[in-house]
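# Notes for the structure review
One letter stands for each residue in the lines below.
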Amino acid sequence: MRKNSQWIVCAVVLLATGSAATPTTPMSADPLAPLFGAGEGETRAALMIRDGRVVAKRYAPGYSDANRFISWSMAKTVTAVLVGALVADGRLTFDAPAPVAEWRGANDPRGSITLRQLLNMASGLRHTEVGDPVEASDTNQVLFVSGTQAMAARAIAAPLEAKPGAKFEYSSLTTIILAEIVTRTLTPSKNPRERARIYRAFAQQRLFTPAGITSAVMEFDGAGTQIGGSLIYMTLDDFARFGRVLLHGQGVDGRQIIAPDWLAFMKTPSPTDPEYGGQVWLNNSGGVDKQPALFPGYGPDTLMSCLGHLGQFVIASPDQDLVLVRLGKTQDDTPAFSALRATLGRVVAQVPLSNRSGATAATSLAAR
């Protein structure tokens, strides 16, 4: 633990109906302390909420409530919530071909790609998230080099490399397509400023305001498309508020932000990767990657997490009524990242099941 880390611990009474996972250990007085160890990389901020109350909140030196932190790929889950709002409104159709005009040409095989397949990262589009060398990847070229003025156009133009629905391919460009679908559904405008204004207002109305989130800053490309796979900024507290929405889909006043069937879909394993749901990671084993994204065996298998580049986590565990946020900089695919993931698993495993858990089960869209 860094000797001069700032920390706050708020005591709460934790009542349990049973063990959250195996193994479990008694919950420590400062449950976030292990995340600030030298072996986990640079943890900048962490927060734990249990049964709706702050258990612990901690910053590294130089960080405070005044800071906004980058989401990286945690933004994907925000995008999925906005897509779900339009599905609930009847403005988007879940299993119909995605409304992308560029794919409507005669005999274009991309025309069969559905919204579900995009959300499950199974579109079949040829997108390379991490290339060799890394700067040659589609994602980096679009986000930082030659595609910044029209990211969605670049993502949409990719050809198929697999039959839609047949292959899992994690892709930030896929989520940019989803953000573009949201924008086109909200407005026919081609004006970048107007497109960004309308998208931002929709996100504010349908997610941020009812969730109590006040710090969110969304980045847009030159065409006014929200960079929905990578770039949203919020304070530590607001990332935790988003995590609370993911528990049962409800805002601060109990209003339903995420429709129950949409939340059930988000938490349902993709047919092509059991670790992935609808733009969110699940606490399951057997994924396409060698290393699990989360920590199966530690914490309930109902746990879900937003997961961003360099070790950004917003973990939501409804059976524990738990939200755990970790923000910082730990290089991906390193021993430090493996240590961070294992430490997060141990921290979660200390938390017992909650007497308050057990939201009403919803009919899964995956079964339709």
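Everything numeric in this text was worked out from a predicted model, so none of it was measured.

Let us now look at the overall build of the protein. When you go through the protein residue by residue, the secondary structure sums to nine helices and ten strands. Looking at the protein residue by residue over its 368 residues, the buried ones come to 55%. Pairs at least 24 residues apart make up 66% of the contacts formed inside the protein by residues separated by at least 6 positions. Put simply, the protein shows about 15000 Å² of open surface, and 53% of that area lies on carbon and sulfur atoms.

Now for the pairing of strand β2 (residues 42-50). Extensive coverage of β2 is indicated by the burial of seven of its nine residues. Judged from the eight bridges that link them, β2 and strand β10 (residues 322-329) form a sheet pairing that is antiparallel. From the neighbouring strand, E42 faces β10, where its bridge partner is K329. Judged from the six bridges that link them, β2 and strand β3 (residues 53-59) form a sheet pairing that is antiparallel. Bridge pairing in β3 places A45 opposite Y59. The turn joining β2 and β3, which pair antiparallel and follow one another in sequence, is formed by two residues; a positive phi near 55° is taken by D51.

The next subject is the packing of aromatic side chains. This structure, assessed with the given rule, holds eleven aromatic pairs. Ring centres of F94 and F265 lie 4.6 Å apart, and the angle between their planes is 75°; this geometry places the pair in the edge-to-face category. Taken as a pair, F94 in the loop between α1 (75-88) and α2 (115-119) and F265 in helix α8 (residues 260-266) lie far apart in primary sequence, 171 residues in all. F265 carries the same exposure label as F94, and that label is buried.

In this section: the pattern of salt bridges. Counting across every chain of the model gives 16 salt bridges. Among the ionic pairs, D237 bridges to K57, the shortest N-O distance being 3.1 Å. On the criterion of sequence distance, the pair formed by D237 in helix α7 (residues 236-248) and K57 in strand β3 is long-range, its members being 180 residues apart. Residues participating in the shared-partner salt-bridge network are E102, E180, R184 and R195.

We note that D51 has phi near 55°; this positive angle belongs to a residue other than glycine. With respect to the helices, strands and loops of the structure, D51 is situated in the loop between β2 and β3. In this structure, Q279 takes a positive phi of about 65° despite not being glycine. For Q279, the location among the structural elements is in the loop between α8 and β7 (281-282). In this structure Q279 comes out as buried when scored by relative accessible area, which is 1%.

This part takes up the packing of helix α3 (residues 138-145) against helix α5 (residues 172-186). Where α3 contacts α5, the axes come no closer than 8 Å and their chain directions differ by 55°. Considering the angle they form, α3 stands oblique to α5. Counted together, D138, T139, V142 and L143 of α3 and S172, L173 and I176 of α5 form the full contact between these two elements.

Sheet architecture is open: three strands sit in the order β4-β6-β5, paired in antiparallel fashion. Each having just a single partner strand, β4 (69-70) and β5 (217-218) make up the two edges of the open sheet. Bridge count between β5 and strand β6 (residues 232-234): two bridges; the pairing is antiparallel. Opposite V217, over in β6, you have Y233 as the bridge partner. Against the sheet, α7 makes contact with β4 and β6, and its axis sits at roughly 110° relative to β6, the strand it touches most.

Now for the nonpolar core. V83, W103, L119, I177, L207 and W262 are the most contacted members of the largest nonpolar core, which has 78 residues in total. In terms of residues, this core owes the most to one element, α1, which gives nine residues. Core analysis: the second largest hydrophobic core is formed by 28 residues, L32, F36, I315 and V347 among them.

Per-residue confidence for the protein gives a mean pLDDT of 89, with 89% of residues at or over 70. Contacts of residues 1-24 to residues separated by more than four positions or lying in other chains number 65 contacts, the stretch itself having pLDDT below 50.

Turning to the side chain of S305, a few remarks are in order. Mapped onto the secondary structure, S305 falls in strand β8 (residues 304-308). Reaching out from S305, the side chain makes a polar contact with the backbone oxygen of V314 at a distance of 3.3 Å. Excluding its chain neighbours within four sequence positions, the residues that come into contact with S305 are V280, W281, L294, F313, V314 and I315.

Cut-offs used in this document
- Counting from 1, residues in each chain are numbered in the order their sequence is written.
- Under the rules for a predicted model, residues below a pLDDT of 70 receive no local features and side-chain atom pairs below 80 are neither given nor counted, while totals for whole chains, interfaces and linings still include all residues.
- Only hydrogens and water are set aside when side-chain values are computed; all heavy atoms of the structure are taken into account.
- Strands are runs of DSSP state E lasting at least 2 residues, helices are runs of H or I lasting at least 4, and numbering of each runs from the N terminus.
- Buried means the residue's accessible area, taken with a 1.4 Å probe over protein chains only, is under 20% of the maximum for its type, while exposed means over 50%, and partly exposed covers the values in between.
- Residues count as neighbours in contact if any of their non-hydrogen atoms are within 4.5 Å of one another.
- Surface accessibility follows the Shrake-Rupley procedure with a 1.4 Å probe radius. Residue values consider only the protein chains on display as shielding.
- DSSP-based pairing: two strands are paired if at least 2 bridges between them are found.
- Only rings of Phe, Tyr and Trp enter the pairing, Trp through its six-membered ring, and a pair is recorded when the two centres are within 6.5 Å. The plane angle decides the type: under 30 degrees is stacked, over 60 is edge-to-face, the rest tilted.
- A pair is scored as a salt bridge if a Lys or Arg side-chain nitrogen falls within 4 Å of a carboxyl oxygen belonging to Asp or Glu.
- Between N-to-C directions, angles span 0 to 180 degrees; the directions come from axes that are lines fitted to C-alpha atoms, helices contributing only their stretch in contact.
- For this classification, under 35 degrees means roughly parallel, over 145 means roughly antiparallel, 65 to 115 means roughly perpendicular, and everything else is oblique.
- Among buried residues, those of type Ala, Val, Leu, Ile, Met, Phe, Trp, Tyr and Cys that are joined through side-chain atoms within 4.5 Å constitute a nonpolar core.
- By definition, pLDDT measures how confident the predictor is in each residue, and it falls between 0 and 100.
- Any pair of nitrogen or oxygen atoms within 3.5 Å is treated as a polar contact; in protein, a donor-acceptor pairing is required on top of that, and neighbouring residues in sequence qualify only through side-chain atoms on both sides.

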